[in-house]
Amino acid sequence: MDAGPTIAPPRLLLLEFLHPDPYRQFRSDEFPFVQGFARAAGVETRWLYEVAGPEARPDSEFVIEPPPRRRAAIVAAVRDFSPTAVVANEACGPALSAALGDIPGIGRVVSIARDVPHYGAVEVGHVRDWLGLGHDGPPLRALVVDHAVPDYACAPVAPDPGVVFPMLTVIGGAPCVYRRPLRANPWFRDLDLGGANRVGGCSFCLGDAVGTSWERQVSSPVALALLQIRRFRETAPPGRLTDRYRLFAYGVFHRMDEFFAGALGMDLPPSEFHFSCRPDEFLGRAAMVEALLPDLRRLGHSIHVWNMGVENFSPDENARFNKGLDTALVARALDRMRGLEERWPGTFVFTRHGGLSFILFTPWTTLDDLALNAREARRLGVDPVFLRSRLQVRPGTPIAFLAARDGLTAPRFEQDSPLDFSCQSYPDEDEIPWRFRHPEVAVAYRVMLRVGENSRIPAGDPLRRSLGETLAGLPPSARDPTVLLETLAGVLRSGPLPDEAVVAALERALQSRTPGGRTGGAVERFRRLLAPVQAGGPRTLAGFQVEAVERDPSEGDGVRLVLAAGSDRLAFSVFPDDPTQPAAVRGGGWRLVYPPTLSLGSPARRRLLRTLGTLLERFGPRLA
C-alpha cells in the first residue's frame, strides 16, 4: 500500500536585514522570541543577518532588493539550510522574492512588514501558521513574546568584521501611553473623526488606536525587558554583543526603579540604557532617576534620554497636535535634565543625542509662530536643526481630517519638501501633500530648507547657493539659525517675496541687527579680561586658550566665548544673570550656558567650566 509523499519536518530560517541606522531598524525585535518559540516546539531554526544599506534599498527604505552578487550570497546561505519557511523582517523585492521562492522545499516566504498587521504584535497563531504546526498550546491570538524564551543565536550571511552592532532594542509593550482625548480639544471638538485611527494622543501619530498593536500590553514589561537582556548575554554570539540597550517600552521607564533593581544584579559590564519619554513624564520620574544615579555610576552604567518630543513652542500649533505641553513645562524639564548632566556627567546623558524633536512648519503656521519658536529655541539653547522640520500628514490621523476640513491638503507639494527624519516605518505608508495657508510662510520654509551645510537641497540649487554666498559675508552672529529665522519672519511681514528679493531683504535686515544696550561694552571688557590667554600666547585658562570673544546674537546682552585646547574647541554664552533662566554656572551677576550638543564629560572640560565660574564670580561685577 502506497504510504503517500513524505512531508518534510518544518525548518525555520529567520532572515534579518540590518539598517545602517540603529534607530531605523524595524521588525526584528521579535526574532529572538520567534526563534525561541520554534525551537521549543522542536523546529530546527537558523537566524541569518545581512547589512542592507542604501544599495540594497534602491526603491524603498523598507523593500530589500540587494545587488545581484549579494542576492546570490543570500540565496546560497538560505539554500544551504534547506528551510521550509523563511521569515524576513522587511519586505523582499521582486527579484529577491523570486530567487527565494525558487529554492526547493520552501513553502512560505513571510515578511513581517507585509504579513503581520500591527507592529510589535507577532502572535502565536502567526508562528504556528508559518511552520504548519497544529493549534495546540497557547491561544492563537496571544502575543508570542508572552509565550517564548528569547534566543539570540544568529550568524551573518557572510562574515564581515566591519559590522558594528550599536545597540539592542528591548521591547516591553506600548512605547507610549499618552492618550489625551481629542474631544477635549477645541480644535477637534466639532470635527467629524469617523474613520480616524485614534481618539486620543498626538493628532499626527500613525500608531494604532487603543486596543491594537502596542496597546496590547505584555503581561509584565519589566520582567520581559530583564529576560531579554539576560538571554541576550547568554545566547548572542560574541560578534553581536553590545553594552548599549534601547528600552523601547513605557512600562519599563515608568517602573525604572524596579527594572534597575533587576539589571544591577546581573553583573553586566558597564552599559548604556537608552529611554525615550515626554517632558512631563520625565519630570514625574526625575526624582526616581536621580536616586538611581549613584549606584549606576559606581558600576559604570549610564541612563540616556533621547528623542523627547516637544514639537512646537507655539500654543496654537501644539494645541493642533493635541500635545498637552507648554513652554514653561519644557523649560523645567530641560533645566532638570541639564542639572543632572552637570551633577552626574557621563552617568546621565541627554544633550549628546540631540535633545528635543520638533515639527516647526505645518499648513497653519504663521510668521508669529516662526518668530516665537526662534526666540524660545534661542532662549532654551535648543539644537537648531529643527528650524526646517515639517509636519507629515498621514492618512487616517486626526490632523489629516483637520487639514482636509480647512482645505489645506493638495494633490502634490508646491515645492521640494525633503525630511531630515521621517516617521515612516512601512513600505506602503504614505503622506498626504499639503499647502501653506499663508504664502509668506511658504517662502520662509523655502529659505530655511536651504540653510546650513547639512541641507538636503542640492548644493547647486540657485537659491541655496545665493543664500550661502550672502551669509558667508556676514558676521557669525548673523548666521545663527534662530536669528536668521526670526529676521526672515520680520522681512516677510509685508508678504511673500521672490527668491532674489528675499535674499537681498534678508541681507539688509541681518546687517542692521547691531549690538544693543551694554553688550558692545561687555564684549570689550571680556576681551580685555581674557587677553592674557588669547590663542597663540604662552598662557592658558585651565589648559584652554581664547579664540574669539564676540556678541552673542541670542540675547541683547550676550557674549559668546570660543575656547580651544588643540582640536578640542568649545563655545559658551554668557548673559546677565536671570534666576528664572537655566545656567551651567552663575557668578558675579552673570550666567554661563553652553549648547545642548556640547558634552562636558571629560575632566579637562569640567575643569574649564569650574574655572570660568570662578572667573565670573571674581570679576563679573566689573564686566557689567
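Residues numbered from 1 in each chain as written. Predicted model: local features only at pLDDT ≥ 70, side-chain atom pairs only at ≥ 80, totals over all residues. Heavy atoms only, no water.

Once that is clear, we can look at the pattern of salt bridges. Pairing of side chains with opposite charge becomes possible as their charged atoms draw close. Counted according to the given criterion, the structure contains 34 salt bridges. Note that Glu61 and Arg24 form a salt bridge whose closest N and O atoms lie 3.0 Å from each other. Here the residue Glu61 occupies a position in the loop between strand S2 (44-51) and strand S3 (63-64), and Arg24 occupies one in the loop between strand S1 (11-18) and helix H1 (31-40), the gap between them amounting to 37 residues. Residue Glu61 is classed as partly exposed on the basis of its relative accessible area, which comes to 25%. The salt bridge involving Arg108 is made with Asp129; its shortest N-O contact spans 3.2 Å. With a gap of 21 residues between them, Arg108 in strand S6 (residues 108-111) and Asp129 in helix H5 (residues 124-131) connect regions that are remote in the sequence. If you follow the salt bridges from partner to partner, you end up with Arg230, Arg231 and Glu234 in one network. (Salt bridge = Lys/Arg side-chain N within 4 Å of Asp/Glu carboxyl O. Helix = DSSP H or I, 4+ residues; strand = E, 2+ residues; numbered from the N terminus. Buried < 20%, exposed > 50% of the residue type's maximum accessible area, 1.4 Å probe, protein only.)

To continue, consider the sheet that holds strand S15 (residues 545-552). If you walk across this open sheet you meet the five strands as S15-S16-S17-S19-S18, and the pairing is antiparallel. The open sheet is flanked by S15 and strand S18 (585-587), the only strands paired with a single partner. Across the sheet, the axes of successive neighbouring strands diverge by a mean angle of 25°, strand direction being ignored. Taken together, the four bridges between strand S17 (residues 568-576) and strand S19 (residues 590-593) define a ladder with antiparallel strand orientation. Following the sheet pairing, Phe575 is matched in S19 by Arg591. On top of the sheet, helix H19 (residues 603-623) reaches strand S16 (558-565), S17, S18 and S19; it is set at about 30° to S17, its chief contact. (Pairing = 2+ DSSP bridges. Axes fitted to C-alpha atoms, helices over the stretch in contact; angles between N-to-C directions. Contact = heavy atoms within 4.5 Å.)

Let's shift gears to empty space enclosed by the protein. Tallying each qualifying case throughout the model produces five cavities of 30 Å³ or more. The space that makes up the largest cavity amounts to roughly 80 Å³. For the largest cavity, the full set of lining residues is Arg390, Phe413, Glu414, Gln415, Ser417, Trp434, Arg435, Phe436 and Tyr445. Residues of the lining of the largest cavity, tallied by class, amount to four nonpolar, two polar and three charged. (1 Å grid on protein atoms, 1.4 Å probe; cavity = no way out; pocket = protein on both sides within 12 Å on 5 of 7 lines; lining within 4 Å. Points joined across faces, edges and corners; volume = space filled by probe spheres on them. Nonpolar A, V, L, I, M, F, W, Y, C, P; charged D, E, K, R; others polar.)

Summarising the element assignment, Phe273 is placed in strand S10 (residues 272-275). Given a relative accessible area of 0%, Phe273 falls into the buried group. Discounting residues that sit within four places of it in the chain, Phe273 has contacts with Ile229, Tyr245, Leu247, Phe259, Phe260, Leu268, His301, Ser302, Ile303 and His304.

Below, the discussion takes up the nonpolar core. Of all hydrophobic cores here, the largest spans 136 residues; its most connected members are Phe259, Phe260, Phe282, Ile303 and Phe348. In terms of residue count, helix H14 (residues 439-448) provides more of this core than any other element does, seven residues in total. The contacts of Ile303, once residues within four sequence positions are left out, are Met256, Phe260, Phe273, Phe275, Val289, Leu293, Leu296, Thr347, Phe348 and Val349. Membership of the second largest hydrophobic core comes to 29 residues, among which are Leu530, Val549, Val559 and Tyr594. (Core = buried A, V, L, I, M, F, W, Y, C linked by side-chain atoms within 4.5 Å.)

What follows covers the packing of aromatic side chains. For the coordinates displayed, the defined rule picks out 21 aromatic pairs. When the centroid spacing of 5.8 Å and the interplanar angle of 75° are considered together, the rings of Phe259 and Phe273 count as edge-to-face. On the criterion of sequence distance, the pair formed by Phe259 in helix H8 (residues 256-263) and Phe273 in strand S10 is long-range, its members being 14 residues apart. Like Phe273, Phe259 is buried. Taken together, a centroid distance of 6.5 Å and an interplanar angle of 85° make the contact between Phe572 and Tyr594 edge-to-face. Pair noted here: Phe572 is in strand S17 and Tyr594 is in the loop between S19 and H19, with a separation of 22 residues, a long-range link. (Phe/Tyr/Trp six-rings, centres within 6.5 Å; stacked < 30°, edge-to-face > 60°.)

Okay, the packing of helix H6 (residues 221-235) against H8 next. Each pair of packed helices can be described by the angle between their axes along with the distance between the axes. Between H6 and H8, whose axes approach to 10 Å, the crossing angle comes to 30°. Taken together, H6 and H8 sit at an angle that is classed as roughly parallel. The two elements H6 and H8 cross, and the hand of that crossing is right-handed. Judged by residue contacts, Val222, Ala225, Leu226 and Ile229 of H6 engage Glu258, Phe259, Gly262 and Ala263 from H8. (Parallel < 35°, antiparallel > 145°, perpendicular 65-115°, else oblique. Left-handed = near helix turned anticlockwise from the far one by under 90°.)

Along helix H15 (residues 462-472), the residues that are buried comprise Leu463, Arg464, Leu467, Thr470 and Leu471. When H15 is viewed along its axis, its buried side chains cluster within an angular range of 130° and face the same direction. Opposite the buried face of H15, by more than 90 degrees, sit the exposed residues Pro462, Glu469 and Ala472. Tucked into the core, H15 has its buried residues touching H14, helix H16 (481-491) and helix H17 (499-512). Backbone nitrogen of Leu463 and a side-chain oxygen of the N-cap are separated by 3.1 Å at the start of H15; the cap is Asp461. (Arc of directions from axis to C-beta. Polar contact = N/O pair within 3.5 Å; in protein donor to acceptor, adjacent residues only side chain to side chain.)

Everything listed here is a matter of coordinates, which is why it stays silent on function.
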